[in-house]
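A look at the structure
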Amino acid sequence: MKKEHIEHVRHTLAHLLAASTTTLFPGTKLTLGPAVDNGFYYDMDFTHATGTQQPGKLSEDELPKIEKEMRKILKTWKGFSHKEVTRAEAEAFFAGNEYKLELIKEIAQREKEGGEKISLYTVGGFTDLCRGGHVEDASNIDADGFKLSHIAGAYWRGNENNPMLTRVYGLAFESKAELEAYEVQQEEAKKRDHRKLGKELAIFDFDNDVGPGLPLWLPSGGAIIEELENLAKETEFAYEYERVRTPHLAKDTMYKTSGHLPYYEDSMFPPMEYEGGKYYLKAMNCPHHHKIFASGQKSYKDLPLRLAEYGTCYRHEKSGELFGLMRVRSMQMNDAHIYCTEEQFFDEFKKVIDMYLYYFNIFGIDKYQMRLSKHSKENLGKKYINEPELWEKTESMVRECLVAAKVPFVEAENEGAFYGPKIDVQIWSAIGREFTLATNQVDFAVPGRFGLTYTDKDGSQKTPLCIHRAPLSTHERFIGFLIEHYAGNFPLWLAPEQVHVVPVKESNFDKAKEVYATLRKLQIRAKIDLSGDGFGKKVRAAKNMKVPYTIIIGDKDMEAGKVTLENRDKGNLGQMTAEDVVAKLVEEIKTRI
Ligand SMILES: [Zn+2]
Ligand SMILES: [Zn+2]
C-alpha cells in the first residue's frame with residue numbers, strides 16, 4: 001500500500017514539474033515524465049521555450065526557480081479529473097508537439113487492437129496525456145518531501161538518432177525526514193563507492209588492453225578472494241559438497257542441449273571457430289556440471305550429489321551498461337549444483353537457506369529478504385514447463401523452508417524461471433542500500449534435457465531434481481558490496497593487509513623483523529616498514545590503507561620486553577608481549593570476528 005502511494009505521489013509530482021516548467025517557460029514541449037525509484041523526472045524540449053536564461057536551453061541553476069513555482073502551484077491543486085478523448089481531439093490539443101503526437105498515434109493503434117484508450121488528466125487547469133496513477137488529493141503531498149536534484153541530456157525514447165531532450169530529475173519521499181535520510185545515505189554511498197575505494201585501496205583495476213568489463217584483481221583483491229574462497233570451501237565441505245573443475249569453454253552442441261543456444265545467445269560472447277566446430281566461452285557453469293553428473297552410472301545411493309566450483313563465467317554486456325564490479329564481462333561464481341530426489345529436496349533446500357544465514361551472520365548482514373518467484377497456471381506449457389504437480393510441490397516446499405528458517409520473504413506470481421521456481425536474494429548494506437545478491441533456482445527440466453538419470457531402489461531409471469545456488473554470489477558483485485558495507489574497513493580475517501609492523505628507529509629493526517617473521521609463518525598478512533620515514537608517517541600510511549592492526553616497536557617497548565598494539569577502530573590498546581599479540585590475532589582471524 002505504502003509503495004503504491006509513494007509511486008502515486010511521484011507520478012503526481014511529475015505532472016507538477018511539467019505544469020510549473022511550462023508556466024515559467026512557455027513554448028517548452030513536454031514529452032514523457034514517469035515516477036522512478038527515488039522520485040520522478042520529466043523529459044522536455046526547450047528549443048522553442050521562452051524565458052530561460054540561455055535561449056533554447058535550461059540550465060541547472062534555474063531549478064530552484066522551478067521548484068519554487070511547484071510549491072506555489074501545489075497549493076492550488078486538489079484531485080485530478082479524467083477524460084477519454086478521440087484521436088482527433090487529442091491531436092488538436094497537442095498540435096505542434098511532435099512528441100505527444102507520436103505517443104497519441106501509438107495509443108490509438110493499441111486502442112484499435114482493444115487496448116488502452118487515449119485519456120487526458122487535468123488538475124489545477126493543467127492537462128496532460130496520461131493513463132492515470134495519481135494521488136486522490138494533491139494537497140496532501142508534503143511540499144518539503146520533494147526537491148529537484150539535477151538535469152541531464154536524454155534522447156527521445158532512448159534512441160541516439162532522435163533529438164536530445166533535457167531531463168529534469170526530482171527526488172520525492174513521503175516526508176522531509178525521509179528525503180533527508182535518503183540524501184545522507186547517498187552522500188555516504190558516494191564516499192563508500194566501490195569504484196573509488198577499490199582504486200584507493202588497490203583492490204582491483206581495469207585496463208584497456210585487457211578489455212572493458214574484465215577486472216584485474218590486484219594483490220589486495222587477490223587476498224580478499226582467497227579468504228572468501230576459503231570460507232566457501234570450508235563451509236561447503238562441512239555440508240558435504242564435492243569440488244570439481246571445468247574448462248572455461250565448450251562446444252556449441254552442449255549449449256544447444258542446455259538451451260543456452262539459441263535462447264541465451266545474446267548474453268554470450270560470440271563463438272570461436274576451431275577444428276571445424278564452434279566453441280563458446282561459458283556463460284554459466286551448470287551445463288559443465290551436468291556433464292560431470294553424466295560421467296558414470298549414478299544410483300540413488302549417490303544422491304544427493306553436490307558439485308561445487310568457483311567457476312569463471314563470461315557474459316556479453318553492452319559497453320554502456322558496464323558498471324565497476326557490479327556489471328562485468330567476466331566473473332567468478334560461488335556456484336554449486338545439488339542433484340537430489342524429490343524426497344530429498346526439502347532438506348537440501350533448507351540447508352541452502354541455512355548456509356545463507358550462516359554467511360549473513362559472518363558478514364553482519366542484518367537486513368535481507370528473499371523473493372519466491374512462482375509459475376502461473378495459465379502459462380503452463382508456454383512460459384513454464386508443463387509439470388503442474390511438480391510446480392505446486394516444489395513451491396510449497398520452498399515456502400516451508402523459508403518459513404522454517406524464519407527468513408523474511410515475499411511471493412511473486414508468474415515470475416518463475418522456465419524450468420522451476422526461483423528465489424532472489426536481496427541484501428542491504430550497512431548504510432541501507434539494497435543489493436541483489438544471487439538467484440537460486442529449482443530445476444526440473446534441464447536434467448531431463450541432458451538425459452541425467454539415476455537407478456532407483458526398484459531398478460527404474462529416474463531423473464533427479466537440480467538446485468542451482470550461489471550464496472556468495474560472484475566475487476565481483478560480493479566484493480563490490482563488501483567494500484560499501486565495510487567502507488573499506490574490512491574485518492581482520494578479510495583485510496588484505498592484516499598487520500603493519502612499525503619499528504620506531506633503526507635500533508628496533510631486529511626485534512620488528514622477528515615479530516614480522518613470526519606473523520608471516522602463521523599465514524598472517526603482515527607487512528613491515530623498514531624505510532627511513534618518520535614513525536608518525538609510517539603509522540599514518542597503515543591508517544590510510546585501513547590496516548586493522550599496527551604493531552609499534554620502540555626503545556621503551558623493548559626495555560619492557562613488549563610491543564605497542566594499535567587498532568584501526570579502537571585506537572591504542574597499550575603494551576603487550578609479542579606472544580600475546582600473536583595469540584590474539586590468530587584467535588580473531590580464526591573466529592572471523
Ligand atoms: Zn499522470
Ligand atoms: Zn546453475
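Look up a bit, the structure's there.
So, a few notes on the structure that sits alongside this text. (Residues numbered from 1 in each chain as written. Chains lettered and ligands numbered in written order. Predicted model: local features only at pLDDT ≥ 70, side-chain atom pairs only at ≥ 80, totals over all residues. Heavy atoms only, no water.)

**So, the overall build of the chain**
Heads up, the condition is: Each helix is a run of H or I in the DSSP string that is no shorter than four residues. Each strand is a run of E no shorter than two, and both are numbered from the N terminus. Burial status follows relative accessibility: with a 1.4 Å probe on protein chains alone, a residue under 20% of its type maximum counts as buried, one over 50% as exposed, and anything between as partly exposed. In this description, contact between two residues means that some pair of their heavy atoms is separated by no more than 4.5 Å.
When you go through the chain residue by residue, the secondary structure sums to 18 helices and 28 strands. With the C-alpha coordinates of the chain rotated into their principal frame, the extents come out at 90 × 75 × 50 Å. Expressed as a percentage of its 593 residues, the buried residues of the chain come to 50%. Taking the contacts inside the chain whose residues are at least 6 apart along the sequence as the reference set, 69% of them involve residues at least 24 apart.

**Regarding the coordination of the zinc ion (ligand 2)**
Stated formally: Water is not part of the atom set, so a site may look incomplete; the donors themselves are N, O and S atoms within 2.8 Å of the metal, or 3.2 Å for Na, K and Ca.
Bound to the zinc ion (ligand 2) on the protein side are Cys-286 (SG), His-337 (NE2) and His-468 (ND1), at distances that span 2.0 to 2.2 Å. Mapped onto the sequence, the residues coordinating the zinc ion (ligand 2) show the spacing C-x50-H-x130-H. In this pair, Cys-286 sits in helix α10 (residues 286-294) while His-468 sits in strand β23 (residues 465-469), placing the two residues 182 residues apart along the sequence. Like His-468, Cys-286 is buried.

**Overview of the sheet that holds strand β4 (residues 81-84)**
Inclusion rule: We treat two strands as partners when DSSP finds at least two bridges between them. Note on method: axes are straight lines fitted to C-alpha atoms, helices fitted across the in-contact stretch only, with angles between N-to-C directions ranging 0 to 180 degrees.
In space, the three strands of this open sheet follow the order β4-β5-β6, with antiparallel pairing throughout. In the strand order of this sheet, the two ends are held by β4 and β6 (126-129), each with one partner. Taken over all neighbouring pairs, the strand axes of this sheet differ in orientation by 25° on average, direction set aside.

**So, the pairing of strand β3 (residues 39-45)**
Judged by how many residues are buried, β3 sits mostly within the fold: seven of seven residues are covered. Both strand β1 (residues 29-30) and β3 contribute to a ladder of two bridges, which runs antiparallel. Across the sheet, the residue bridging to Leu-30 is Met-44, located in β3. Of the strand pairs in this sheet, strand β2 (residues 35-36) and β3 are connected by two bridges, and their pairing is antiparallel. Counted as the bridge partner of Ala-35 is Phe-40 from β3. Hairpin connection of β2 to β3: two residues between the antiparallel strands.

**Some thoughts on the sheet that holds strand β15 (residues 305-314)**
Strand order in the open sheet formed by eight strands is β11-β15-β16-β23-β20-β19-β17-β18, with mixed pairing between adjacent strands. Across the chains shown, the open sheet's two edge strands, defined by having one partner strand only, are β11 (242-243) and β18 (409-412). Here strand β17 (residues 368-373) runs beside β18; their pairing, made up of four bridges, is parallel. Within β18, the position partnered with Met-370 by the bridge is Phe-409.

**Here we look at the coordination of the zinc ion (ligand 1)**
Rules: Only two sets of limits are used to name each site, 85 to 135 degrees for every angle of a tetrahedral four-donor site, and over 155 degrees for opposite donors with all other angles from 65 to 115 for a square planar four-donor or octahedral six-donor site, with any other site named irregular.
Protein coordination at the zinc ion (ligand 1) comes from His-11 (NE2), His-15 (NE2), Cys-130 (SG) and His-134 (NE2), with a distance range of 2.0 to 2.1 Å. Of note is the zinc ion (ligand 1), whose four donor atoms meet at the metal with angles of 96 to 127° in an arrangement that counts as tetrahedral. When the donor residues of the zinc ion (ligand 1) are listed from N- to C-terminus, their spacing reads H-x3-H-x114-C-x3-H. In this pair, His-11 sits in helix α1 (residues 2-24) while His-134 sits in the loop between β6 and β7 (146-155), placing the two residues 123 residues apart along the sequence.

**Some words on the nonpolar core**
Quick note on the threshold: Note on terminology: a nonpolar core comprises buried Ala, Val, Leu, Ile, Met, Phe, Trp, Tyr and Cys residues joined through side-chain atoms within 4.5 Å.
The biggest cluster of nonpolar side chains holds 102 residues, and the ones touching the most others in it are Phe-363 and Leu-519. Per-element accounting of this core gives the leading share, nine residues, to helix α11 (residues 342-362). Judged by nonpolar contacts, the second largest core, of 35 residues, contains Met-70, Val-123, Val-135 and Phe-146.

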